[in-house]
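# What the coordinates show
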Amino acid sequence: SNHRVAVPILEIMSAAAVASSAARVAVKGAKHWPHKSPALTKVVDTISPLTVSPEHDKPMGSWSSDQIRNAVSDSVMLTWAPGKARHSTPIVTHGEGVYLFDDKGNKYLDWTSQAVCSNIGYTMPENVLEGTMHQMKELPFVYGGLAITEIRARLSSLISEILPGDLQGMVFPSSGSEANEAAIMMARRYTGKYKVINWYRSYHGGTTNAQQATGDFRRWFGGDHVPGFVKAFNPYPLFFDLAGETEEERTQMALNMLEEQVLNEGPDTIALIQFESVVGGGGVVIPPKGYMQGVRAICDKYDILMHCDEVMVGFGRTGQLFGFQNYEGVIPDIVTAAKGISSAVLPLSMCATRKHIMEAFEDMALGWGSTYQAHPVAMACAYENVKYLIKEDVIGHVQRLDPIFEDAMKTITENHPCIKQYRHVGMFGCFDVHAPDGSNPQLQHTAIDKAFVEYKKAYTANGLMGLLRPPHLHVAPPLTITEDELLDGFERQDKALYKLDEAMGF
């Protein structure tokens, strides 16, 4: 028969229960399953005897280029560039004045002060050497939370003296990123608010909050997911003009946009407006007249702290001691600087704040710190470097070279069709490159255009070393450069730019 006999499910279950009753007792619950974590199978010997190979006992400077390249290939990683770039990065052996020398005997004029930081070049003043070595011999380190050193008191006092207004509360981290981390935490703790407004066209560092504060492509590396950061357009957008017939009207429009953004975000949620005094890596963008004064007024109106990031331009780069001093009447609540504070001889940065904010932390912790904050040897180096900048009138030297710098940039712009425009303040300049059709030839999300690869080869062949951030071509030699050296540098760049004209199709 094709007919099946239906068996009630309870009879089946009953039969199964009888069959298994001798083996176990059914329970109701949520007991764990038996499990054993995996055992280590990839065993690595980590306690073999420590030895130092004889190669490490050779005097510094005695390794061959091949030895250096092999060690770099085996053990060195890069940061903002793909790792394979390390194989073609030059091996620099020594420096003198504004020049660097490689292992092949080539001499380069440092055309961007490395990362806009080697502000007094490579021949160190005696006071910097002596002050640094004295501190290293007397007291190489004290943790800032356990003891105060004379050098910490001296450097704090000196920076307070030379800063305008009541900017007198000092913290000394090790890098610009850390200084901006300290500033963000300070603002949040002081105001009880949490949002930070930054420009899209900006860079503030590579640590978590500083990277999220950044507007350019480096923010993307971190996933762009840290909350509390809001981006605003710079007063000079890349692809559109603000409404207005005059610069003054366009500046007012930029300020109106910023204020409307503050209102839409909620003034009671915004702790800090954090801008670079002069945008550095994004192209030496100098805010128009009246803009920074307007930002200060917006901050005052809505009880928001104003922070000027001077990591790149602080200590003389713009022809003023600090970049914000180019904006008449503006005093920020927080200033950060790095690079120029020690002219990159040793890692140090600063975060300075006004008296009333400093006093607010008398009964509460800042909430930021690091082991090397207020490192005595780094502070000793910075102390002597800052005194050198002031006593030797390095800033006055920058001001005297300013018109020569301006004329050279103007001449080069007129001489090369690939150059759209230039900007300049003090010893800090930038050429913008455009394509024959007038378009921007290098966007942030695209691989470097081959035309700039050819330009970089010509740049190097003409004896220049420096950063390349296309479509921006930065000029930022050491502040101590002579007039003859400055003109020589522009002549070298002029020669290299003929290759860029050709490669761009002009």
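Presented here is a report on the structure given in the accompanying data block. Not measured: the values here are computed from a predicted model.

Across all of its chains, the model carries two cavities of 30 Å³ or more by this definition. Looking at the largest cavity, its volume works out to about 40 Å³. As for the largest cavity, its lining consists of Tyr 455, Lys 456, Tyr 459, Leu 467, Leu 468, Leu 473, His 474 and Gln 493. Listed by contribution, the elements that provide at least two residues to the lining of the largest cavity are α13 (450–461) and β14 (472–475). Among the elements that line the lining of the largest cavity, the one with the most residues is α13, at three residues. Of the residues that constitute the lining of the largest cavity, the class distribution is five nonpolar, two polar and one charged. If you go around the second largest cavity, the residues you meet are Val 116, Gly 280, Gly 281, Met 312, Leu 467 and His 474. Residues of the lining of the second largest cavity, tallied by class, amount to three nonpolar, three polar and no charged.

To continue, consider the pairing of strand β7 (residues 270–276). Of all seven residues that make up β7, seven are buried, and the element is covered over most of its length. Here strand β5 (residues 195–199) runs beside β7; their pairing, made up of three bridges, is parallel. Across the sheet, the residue bridging to Val 196 is Leu 272, located in β7. Taken together, β7, helix α9 (residues 291–302) and strand β8 (residues 305–310) form a β-α-β motif whose crossover is right-handed.

What follows concerns the pattern of salt bridges. Per the stated rule, a full pass over the model turns up 19 salt bridges. A salt bridge links Asp 333 to Arg 296, with the nearest nitrogen and oxygen atoms 3.0 Å apart. Remark: Arg 296 occurs in helix α9 and Asp 333 occurs in the loop between β8 and β9 (334–337); sequence separation between them is 37 residues. One exposure class covers both Asp 333 and Arg 296, and it is buried. Residues Lys 499 and Glu 502 are paired through a salt bridge, measuring 3.9 Å at the closest nitrogen-oxygen approach. Placement of both Lys 499 and Glu 502 in helix α14 (residues 483–504) is noted, with a separation of three residues, approximately one turn of the helix. Through salt bridges with shared partners, a single network forms among Asp 166, Arg 296, Asp 300, Asp 333 and Arg 354.

In the case of a regular strand, side chains alternate between the two sheet surfaces. In terms of burial, β5 is largely enclosed, as five of its five residues are buried. Of the two faces of β5, the one holding Lys 195, Ile 197 and Trp 199 and the one holding Val 196 and Asn 198 are both buried throughout. Alignment of β5 against strand β6 (residues 229–232), held across four bridges, turns out to be parallel. If you follow Asn 198 over to β6, its bridge partner there is Lys 231. Regarding the hand of the β-α-β motif, the stretch spanning β5, helix α7 (residues 208–213) and β6 is right-handed.

Roughly 700 Å³ of internal volume is contained in the second largest pocket. Forming the walls of the second largest pocket are 30 residues, and the residues nearest its centre are Arg 201, Tyr 236, Pro 237, Gln 421 and Arg 423. Among the elements of the structure, α8 (247–265), β11 (419–425) and β12 (428–433) are those that each provide at least two residues to the lining of the second largest pocket. Examining the composition of the lining of the second largest pocket, we find that five residues originate from one element, β11, more than from any other. Here the lining of the second largest pocket is composed, by residue class, of 14 nonpolar, eight polar and eight charged.

Along its 22 residues, helix α12 (residues 394–415) runs 31 Å from first to last C-alpha, staying within 8% of the 32 Å computed at 1.5 Å per residue. Approximately 40° is the largest bend angle found in α12, and it occurs at Leu 401, with the proline Pro 403 only one to four residues beyond. Where α12 is concerned, the buried positions are Val 394, Ile 395, Gly 396, Val 398, Leu 401, Phe 405, Ala 408, Met 409, Ile 412 and Thr 413. Residues of α12 that are buried in the fold lie against α11 (376–391), β11, β12, β14 and α14.

Okay, the nonpolar core next. In this structure, Ile 159, Phe 315, Met 350, Leu 473, Phe 490 and Leu 500 are the most contacted members of the largest nonpolar core, which totals 102 residues. Each residue touching Leu 473, except ones within four places of it in the same chain, is listed here: Ile 419, Gly 429, Cys 430, Phe 431, Val 433, Phe 452, Tyr 455, Leu 468, Gln 493, Leu 497 and Leu 500. Core analysis: the next-biggest nonpolar cluster, separate from the first, contains 18 residues, Ala 187, Val 196, Leu 305 and Leu 366 among them.

With that settled, the discussion passes to the packing of aromatic side chains. The full count for this structure, using the stated rule, is 13 aromatic pairs. Summarising the aromatic geometry, the rings of Trp 199 and Tyr 291 are spaced 6.1 Å apart at their centres and angled 35° between planes, so their arrangement reads as tilted. Placement of the pair is Trp 199 in strand β5 and Tyr 291 in helix α9, with a sequence separation of 92 residues. The same class applies to Trp 199 and to Tyr 291, which are both buried. Here a set of aromatic residues connected by ring pairs shows up, and it is made of Trp 80, Tyr 203, Phe 217 and Phe 221. Lys 107 extends its terminal NZ or CZ atom over the ring of Tyr 99, reaching a point 4.2 Å from the ring centre. The positively charged end of Arg 218 is found above the aromatic ring belonging to Tyr 203, 3.8 Å away from the centroid.

With that settled, the discussion passes to α13. Its 12 residues place the ends of α13 17 Å apart at the C-alpha level, agreeing with the 16 Å of an ideal helix rising 1.5 Å per residue. The set of residues buried in α13 consists of Ala 451, Phe 452, Tyr 455, Ala 458 and Tyr 459. One side of α13 carries all its buried residues, which in axial view fall inside an arc of 115°. Exposed residues on α13 whose side chains face more than 90 degrees from its buried face are Lys 450, Lys 457 and Ala 461. Buried positions along α13 lie against β12, β13 (464–465), β14 and α14.

Let us look at a nonpolar patch on the surface. A surface patch of nonpolar side chains, amounting to about 680 Å² of accessible area, comprises Tyr 200, Phe 233, Leu 238, Phe 239, Phe 240, Met 257 and Leu 443. Relative to the helices and strands, Phe 239 is located in the loop between β6 and α8.

About the thresholds
Residues numbered from 1 in each chain as written. Predicted model: local features only at pLDDT ≥ 70, side-chain atom pairs only at ≥ 80, totals over all residues. Heavy atoms only, no water. 1 Å grid on protein atoms, 1.4 Å probe; cavity = no way out; pocket = protein on both sides within 12 Å on 5 of 7 lines; lining within 4 Å. Points joined across faces, edges and corners; volume = space filled by probe spheres on them. Helix = DSSP H or I, 4+ residues; strand = E, 2+ residues; numbered from the N terminus. Nonpolar A, V, L, I, M, F, W, Y, C, P; charged D, E, K, R; others polar. Buried < 20%, exposed > 50% of the residue type's maximum accessible area, 1.4 Å probe, protein only. Pairing = 2+ DSSP bridges. Right-handed = clockwise from strand over helix to strand, strands pointing away. Salt bridge = Lys/Arg side-chain N within 4 Å of Asp/Glu carboxyl O. Expected span 1.5 Å × (residues − 1). Bend = angle between axes of the 7 residues up to and from the residue. Contact = heavy atoms within 4.5 Å. Core = buried A, V, L, I, M, F, W, Y, C linked by side-chain atoms within 4.5 Å. Phe/Tyr/Trp six-rings, centres within 6.5 Å; stacked < 30°, edge-to-face > 60°. Lys NZ or Arg CZ within 6 Å of the ring centre and 35° of its normal. Arc of directions from axis to C-beta. Patch = residues over 30% accessible without salt bridge, like charges linked within 9 Å, V, L, I, M, F, W, Y side chains within 5 Å. Areas by Shrake-Rupley, 256 points an atom, 1.4 Å probe, with all protein chains shown as cover.

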